[in-house]
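Structural description and commentary
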Amino acid sequence: MLHLPLEVAGQVAEICTQLHKKGIEAVGYNWRHNYLGVDHRLANSDAYEMANTWEDALRYFDIFHYHTGYTLYKDKKDMMMALEAGKKVIMHHRGNDVRIPSQAVKGNDYYNPYVYVGDSQPEEQMIRNLKFFSKYLSTAIVQDEELYAYVKDYYRHVHILPRLIDTAQIKPRYVSMEKDVPLIVHAPTSRAFKGTDTILKVIAKMKKEFPIHFQLVEKMSKPKALAVMAKADIVIDQILCGFYGNVSVEAMALGKPVLAYIRPDIQQRLADDCPVISANPDTLYDRLKSLLQCPEQRRQIGMKGREYVQNHHSAEQVINQLVQIYRSL
Amino acid sequence: MTAKVPPTLMVEGLYDARLDRMIHWQREQLEPLLIYRSETHYFVPFFSSFILKPLQTSSAHFLCGLQSAFKAGTKDDWLEWLKHLFGYGKWLDALSYVAAKYQRADIEVWIMLPYPYPHQQPFGDIKGMSGHFRNENHRLRALKWWMEAFQEEWMQHACSENIRLRGFVWGREGLPPFDRELVKRWNHQVHEYHLESLWLPNYKAAFVEHWPDLGFDHVALYPQYTGATENDAEWLDNTTKFALVHQAGIQMICGQGWKYSEDHFRKYHRQKVFYRQLGGKGPFVYRFPNHSLYRVFIEDRQRYDDVFFSL
C-alpha cells in the first residue's frame, strides 16, 4: 500500500514500519521536510516527482492511504484515477484539515472557548473537501474523538485509529522523587495551537513560587526532543484544542505525567485509565501547582501513563486495527 | 568547459510493467531513431545522442527514480542492467551496429545509473566490502563499482569503436537533502573518469538552480506540462524562462496516455524555438512516456516527422 503524500509527526513512518513487520509492503511518500529530521523509512521527495510516479504507483499498489486531506494533484485527479482503477482508497484526517472553526468552538454537547483554529484551512474549503472526499470514499480515519465529531456526518464509516507508538523502542524513564528542582518540558510544533504563550506566562509565575527548571523544545529533531523529554518530570502538551496530541503519547511512553486539555464531553467517553491531567488556560496554574507539590503523584501518574500507552497506543495493537480497516474497504 | 550536448533521445527498456514484457532495443528498432527515413526513402541522420534508461528488472524491481522506494533493485538487479546493456544484438551492441551501418561517427551515449535507495535492505558485498545504503560512503561505493564495471565491459566490447560514451545520468529526478553530498561526490567521481554527468530534474524542484554547484555538467528540466492535467502551458513558459536564466536545458515530452493532450508536443516545439532564439544553449532531451519514438515511427508517421523537424 502507498501512504501519501506527507508525514505527520512520525506516524506515517511508524505505520509503514509496523505493516512491514506484518509482512505487508507499505511505502510512505513524504513531501514535508522540516527540522524533525529525515526519516529514511519514508520516500522523501516533492509533489512533482511523486506525480511523475503515479502511473507506476497505480500498477504497483493495491491500497492508497491519503493523509491530512492532501492529494498529489490539487484537482484530486490521482485519487480519482486510483478509484477508477479499482483500487482501495482511504482518507486519514489529521487535524487542521477538518477542524472546522465554528464546530471546534461549539457543538451539541460542548463549548471550547480556548481552541485555536488559525492554522486550519478556511472553513468553506474544509467543508468542500469533506463533501468531495466523502462523495467518492466510503471510509475515513481520524486519530481521536475530537476530530471524529467534525467528520462523522460525512463518511459512511469513520474509524478512530489512535496514534501509534512502538513502546519497545521507547523505554520508560520514570520520574525521580528525589529531585529537588523538577524539570518541566513543553514541546510545541505550533505555539499558537498548543497555547505556548499561556504556558510561558504560567511558568513565569510558577518560577516565583517553586524551584523549577523549564525547557522549551522547539525546532529540534525528534530523537533530540525525545532525549530532552526523557529527562523531564512534567510534560505540558497542548492546552487549547481539547484532546492530547503526539507529544502526550511520547511523554506517557517515557513514563512522564502529562498536562493537556481534554474537553469535558470527550473526557466522559474516554477510557477510565487515561491519566492525562486535563488543564486549560484557566486551570493550568492550579493543576501544575498540585503536581509540583507532590512528587509521589508525578511518579504514579507517569507509571499509569506508560501503562495507558501500552494499552491504547501500542503500535502492534493499532496496526492490527488498521489492517482490519483495510480489510473492510 | 564541456561541449554542447546535441538533442538527446531517451530510450527506456528492461521490464515494462505496462506491457508486461521485457523490452530490449534491437537494431531494427533503433534504426529509425538514428536515421530519418522520409516517405520518399531518402535517409538522413536523426538523433546522434542517446540516454539508455532501465525501467524494472526481470524481478520487477525498480532501478531508478522515486519508484525505487516501491521495490529497490538489488545487487543482482544492478548486474542485470549491466548484462543486458552489453548483450549481443541489443542495446549498445545494436546502437553500435546501426551507427556503423550508416557510417554515423557522431553517435554518443549516456547511461542512466541505478539509484542507491537509502532505505534499501543490505545491498550485498561490493568488492569484498559491505554495502548498506543508510551509509553515504556505501552508496557511493556501489555507484563507483557499477560505473567501473560498466567501463571495463565497454572497453572489452566492440561497440566502443563505433559509439562514444559521453557520460552517466543521475538516476533520480528529485534531490532530497540527504542526496546532496552524495551527488557532489558522485559528480566528482564521474569527472575522474573523464566523463560527463547529466541530471533530469523537475522544474521547481529543490536545488535545481544550484545544479552547477552540485557538480553536474548538464541539466535538462521536466516542465510538468503534458496538456491534460491541471498544469497549464504556463509551466512550459516558466520552465523556459528559468532554463534561460540558469543555463539549463529542457526535456521535450511527447507522451501517450491520460495526461497527454494531442497538441502538447507542438507546444514543446514552439517553446524550443523560443528558447534557442533567446540564446538558450542547454540540452534538449526527448522523452516518449508510455510509448517510444519507434512506436511513433510505426504508428504515427506525421508525429515522427514532427519530431524530426523539431530537431
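Structure first, text after, so check above.
Residues numbered from 1 in each chain as written. Chains lettered and ligands numbered in written order. Predicted model: local features only at pLDDT ≥ 70, side-chain atom pairs only at ≥ 80, totals over all residues. Heavy atoms only, no water.

**Some words on the sheet that holds strand β4 (residues 63-67) of chain A**
Residues and elements named next belong to chain A. Strand order across the open sheet formed by 7 strands is β3-β2-β1-β4-β5-β8-β9, with parallel pairing between neighbours. Strands with a single pairing partner mark the edges of an open sheet, and in this sheet they are β3 (43-44) and β9 (157-160). Packing against the sheet, helix α1 (residues 11-21) makes contact with β1 (2-4), β2 (27-30) and β4, and its axis sits at approximately 175° to β1. (Pairing = 2+ DSSP bridges. Helix = DSSP H or I, 4+ residues; strand = E, 2+ residues; numbered from the N terminus. Contact = heavy atoms within 4.5 Å. Axes fitted to C-alpha atoms, helices over the stretch in contact; angles between N-to-C directions.)

**Concerning helix α11 (residues 301-310) of chain B**
Three or more residues of α11(B) are buried, namely Arg303(B), Tyr304(B), Asp305(B), Val307(B), Phe308(B) and Ser310(B). On the buried face of α11(B), the contacting elements are α1 (27-34), β3 (35-37), β4 (43-45), α9 (264-277), β11 (284-287) and α10 (293-299) of chain B. (Buried < 20%, exposed > 50% of the residue type's maximum accessible area, 1.4 Å probe, protein only.)

**What about unusual backbone geometry?**
Of the consecutive residues Leu4(A) and Pro5(A), the connecting peptide bond is found in the cis state with omega at -10°. One non-glycine residue, Leu14(B), lies in the positive phi region at around 80°. Position of Leu14(B) among the secondary structure elements: in strand β1 (residues 8-16). On the accessibility criterion, Leu14(B) (0% relative accessible area) is buried.

**A closer look at the layout of surface pockets**
Residues and elements named next belong to chain A. Here the second largest pocket defines a volume of roughly 940 Å³. Lining the second largest pocket we find 40 residues, and of these Val8, Ala9, Thr189, Lys194 and Asn246 sit closest to its centre. Mapped onto the lining of the second largest pocket, the elements with two or more residues apiece are α8 (191-194), α10 (222-230) and α11 (246-253). The greatest single-element share of the lining of the second largest pocket, amounting to 4 residues, is contributed by α10. (1 Å grid on protein atoms, 1.4 Å probe; cavity = no way out; pocket = protein on both sides within 12 Å on 5 of 7 lines; lining within 4 Å. Points joined across faces, edges and corners; volume = space filled by probe spheres on them.)

**Some words on the interface of chain B and chain A**
Listed by partner, the interface residues are 30 residues for chain B and 28 residues for chain A. With a closest N to O distance of 3.5 Å, Glu25(A) and Lys71(B) form a salt bridge. Seen at the junction of chain B and chain A, the total is 12 residue pairs in polar contact (both at pLDDT 80 or more). Here the residues of the side of chain B that touches chain A are counted per class, giving 15 nonpolar, 7 polar and 8 charged. (Salt bridge = Lys/Arg side-chain N within 4 Å of Asp/Glu carboxyl O. Polar contact = N/O pair within 3.5 Å; in protein donor to acceptor, adjacent residues only side chain to side chain. Nonpolar A, V, L, I, M, F, W, Y, C, P; charged D, E, K, R; others polar.)

**Looking at the environment of Gln251(B)**
Residue and element names in this part refer to chain B. Along the polypeptide, Gln251 turns up in strand β10 (residues 249-253). As for Gln251 and Gly227, which are separated by 24 residues in sequence, their C-alpha atoms are 15 Å apart. What Gln251 contacts, discounting residues up to four positions off in sequence, is Leu200, Pro201, Ala220, Leu221, Tyr222, Pro223, Tyr268, Val285 and Arg287.

**Focus: the nonpolar core**
By size, the foremost hydrophobic cluster in this structure holds 148 residues, and its most contacted members are Trp54(A), Phe64(A), Leu92(B), Ile111(B), Trp146(B) and Phe150(B). Apart from residues lying up to four places away in sequence, Ile111(B) is in contact with Leu52(B), Trp81(B), Leu85(B), Leu92(B), Trp146(B), Phe150(B), Leu165(B), Gly167(B), Phe168(B) and Val169(B). (Core = buried A, V, L, I, M, F, W, Y, C linked by side-chain atoms within 4.5 Å.)

**Side note on the pattern of salt bridges**
Residues and elements named next belong to chain B. Taken as a whole and assessed by the stated rule, the structure comprises 34 salt bridges over all chains. The salt bridge partner of Glu12 is Lys53, with a shortest N-O separation of 3.4 Å. Of the two residues, Glu12 sits in strand β1 while Lys53 sits in strand β5 (residues 49-54), which places them 41 residues apart along the sequence. Overall, the relative accessible area of 21% leaves Glu12 in the partly exposed class. A relative accessible area of 19% means that Lys53 is categorised as buried. Across the salt bridge formed by Arg295 and Glu299, the nearest N and O atoms sit 2.7 Å from each other. Taken as a pair, Arg295 and Glu299 lie in helix α10 at a separation of 4 residues, close to a single helical turn.

**Side note on empty space enclosed by the protein**
Taken as a whole, this structure holds 3 cavities of 30 Å³ or more when the rule is applied. Reported here for the largest cavity is a volume of approximately 50 Å³. If you trace the largest cavity, you find it lined by Asn52(A), Tyr73(A), Tyr222(B), Gln224(B), Thr226(B), Thr229(B), Asn231(B) and Lys259(B). By residue class, the composition of the lining of the largest cavity is 2 nonpolar, 5 polar and 1 charged. Looking at the second largest cavity, the residues that line it are Gln11(A), Ile15(A), His92(A), Arg94(A), Gln143(A), Leu161(A), Pro162(A), Arg163(A), Leu164(A) and Val318(A). Tallied by class, residues from the lining of the second largest cavity come to 5 nonpolar, 3 polar and 2 charged.

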